[in-house]
Amino acid sequence: MARETQRILGYDFARGLAIIGMIFVNFKTVMVAETDAYLYQLVALLSGKAAALFVVLAGVGMTLMYRKAKNDAGKIRKAKIILLKRAAFLFIVGLSYYSIWPADILHYYGLYVPIGVLFLSVSRKWLIIISFLLIIAYSASVLFFNYDTGWDWNTLEYTDFFTVNGFFRNLFLNGFHPVFPWIAFLLTGIWIGKLNFNNTKIRKRVTLFSFTLFVVFKSISIFLIDALNQLWPTQASNITHLLGTTPMPPLFFYMITASSLAVFIISISIYICNKLSHTLFIKQMVSTGQLSLSNYFFHVIIGMLAIKLFFKKLEAAFSIEFTVVYAIVFSVVIIFFSHIWRMKFKKGPLEYIMRKITG
């Protein structure tokens, strides 16, 4: 029982890391104009990685909930209904502040989860195969549709989001976190949830394999971009987008490296929590992960709006140095708030509301 608790703590710890990562990335995206500054590029390395980890962990959570039903048809049906209700809740919450935060990920969850429900009973082997095929298919599809459709890249605004065609195109194909191919991250999480991380050999194998996969494909991406840019320097921008590991567009090398890095971080998080679960920092980060939904909501509603109200400006209005310091301060506040809240309450504010509404 203790080992199972530690395993869950590892997932929560990883969730906490994902939240902190998204705070840095999202504050940078909103508050700083793009620059070649080293610090900006350093934070940019997290772009798409923290969010991918967040989605992978959602898949893990779905699988653990499914496994608790223990092959009881009635319990399985109830678990699936709860998941669908929560998906609807997240979809509505995410869209409710779209005008403030168009890069929201919660409303995409409203589509990831119902699709993920269909794959909860699929074998581990097929989850990996389907994920890989989805990534390949999407990467090939950019040859046949214009990924830039709907985007104003100067302002990072999706100009026709509130039209029928634009809305569905954004959700499914070329938004910030489109269902295709981002659903592959959720399927990866479902795959992880089916593994027995209590088995040390399995955990070590997964850690080594995921790290190796990340290093190999990151290296191939760098090599190909460098070689092809020398051959066709006039196409350098297109080559970098097609073969790079940035999240927009979410093509092959990004999806593989972000997936493998997420698995590696989860594996390491479980190991750390097994060894250091008694330490204050681990407890604080676990609490942060346990309030991940509330903390994500707060970093937009409080973190960004507080700056706008105080300074009367927000978008591309601050230096990267100021933004990083602010992200550090806000992260520390979030971590302490989460730990103090969990000492008094079982669920976070938004988590409590969601469970009261959806069961």
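Since this is a predicted model, take the numbers as computed values, not measurements.

(A) A look at the side chain of S221. By secondary structure assignment, the location of S221 is in helix α9 (residues 200-231). The class for S221 is buried, based on a relative accessible area of 2%. Excluding anything up to four places from it in sequence, S221 contacts L243, G244, T245 and F253.

(B) Representation of a nonpolar patch on the surface in the model. Residues W126, I129, F132, L133 and I136 make up a contiguous nonpolar surface patch of roughly 470 Å² in combined accessible area. In this fold, I136 is placed in helix α6 (residues 124-141).

(C) Fine view of the pattern of salt bridges. Across all of its chains, the model carries 3 salt bridges by this definition. In this structure, R169 and D160 form a salt bridge, with 2.9 Å as the shortest nitrogen-oxygen distance. A single burial state applies to R169 and to D160, both of which are buried. For K308, the salt bridge is made with E315, and the minimal N-O distance between the two is 4.0 Å. Classification of K308 by relative accessible area gives partly exposed; the value is 39%. Judged by its relative accessible area of 53%, E315 is exposed.

(D) View of unusual backbone geometry. Following F180, the chain continues into P181 via a peptide bond in cis, with omega recorded as 15°. Turning to its location among the elements, P181 is positioned in helix α8 (residues 179-193). Of note, the amide linkage connecting M248 to P249 takes the cis form, showing an omega dihedral of 0°. Among the structural elements, P249 can be located in the loop between α10 (236-243) and α11 (252-276).

(E) Spatial organisation of the nonpolar core. In terms of nonpolar packing, the biggest core is built from 115 residues, with Y11, M31, I105, Y112, F185, I192 and I266 touching the most fellow members. Here this core gets 14 residues from one element, more than from any other, and that element is helix α3 (residues 49-68). Once you skip the residues sitting within four places of it in the chain, I266 turns out to touch Y11, A14, L53, V56, L57 and I192.

(F) Focus on helix α4 (residues 73-96). Here α4 is 24 residues long and its end C-alpha atoms lie 35 Å apart, about the 34 Å a rise of 1.5 Å per residue gives. Taken residue by residue, α4 has I76, A79, I82, L83, R86, A87, F89, L90, V93 and G94 as its buried positions. In this structure, the buried residues of α4 make contact with α3, α5 (106-117), α13 (292-311) and α15 (349-358). Regarding α4, its N-cap is D72, as a side-chain oxygen of that residue lies 2.9 Å from the backbone nitrogen of G74 further along.

(G) Examining the packing of aromatic side chains more closely. Summed over all chains, the structure comprises 39 aromatic pairs. Each ring, one from Y108 and one from Y112, has its centre 6.4 Å from the other, and the planes form 25°; the classification is stacked. Placement of the pair is Y108 and Y112 together in helix α5, with a separation of 4 residues, close to one helical turn. On the basis of relative accessible area, Y112 is assigned to the buried category, the value being 1%. A ring pair is formed by F252 and F253, whose centres lie 5.2 Å apart and whose planes are at 85°; its orientation type is edge-to-face. Assigned by exposure class, F252 and F253 land together as buried. Among the aromatic residues, those joined into a cluster by ring pairs are F91, Y98, F161, F162, F167, F168, F172 and F180. In this structure, K313 packs its charged tip against the face of F318, placed 5.5 Å from the ring centre.

Criteria and thresholds
- Residues numbered from 1 in each chain as written.
- Predicted model: local features only at pLDDT ≥ 70, side-chain atom pairs only at ≥ 80, totals over all residues.
- Heavy atoms only, no water.
- Helix = DSSP H or I, 4+ residues; strand = E, 2+ residues; numbered from the N terminus.
- Buried < 20%, exposed > 50% of the residue type's maximum accessible area, 1.4 Å probe, protein only.
- Contact = heavy atoms within 4.5 Å.
- Patch = residues over 30% accessible without salt bridge, like charges linked within 9 Å, V, L, I, M, F, W, Y side chains within 5 Å.
- Areas by Shrake-Rupley, 256 points an atom, 1.4 Å probe, with all protein chains shown as cover.
- Salt bridge = Lys/Arg side-chain N within 4 Å of Asp/Glu carboxyl O.
- Core = buried A, V, L, I, M, F, W, Y, C linked by side-chain atoms within 4.5 Å.
- Expected span 1.5 Å × (residues − 1).
- Polar contact = N/O pair within 3.5 Å; in protein donor to acceptor, adjacent residues only side chain to side chain.
- Phe/Tyr/Trp six-rings, centres within 6.5 Å; stacked < 30°, edge-to-face > 60°.
- Lys NZ or Arg CZ within 6 Å of the ring centre and 35° of its normal.

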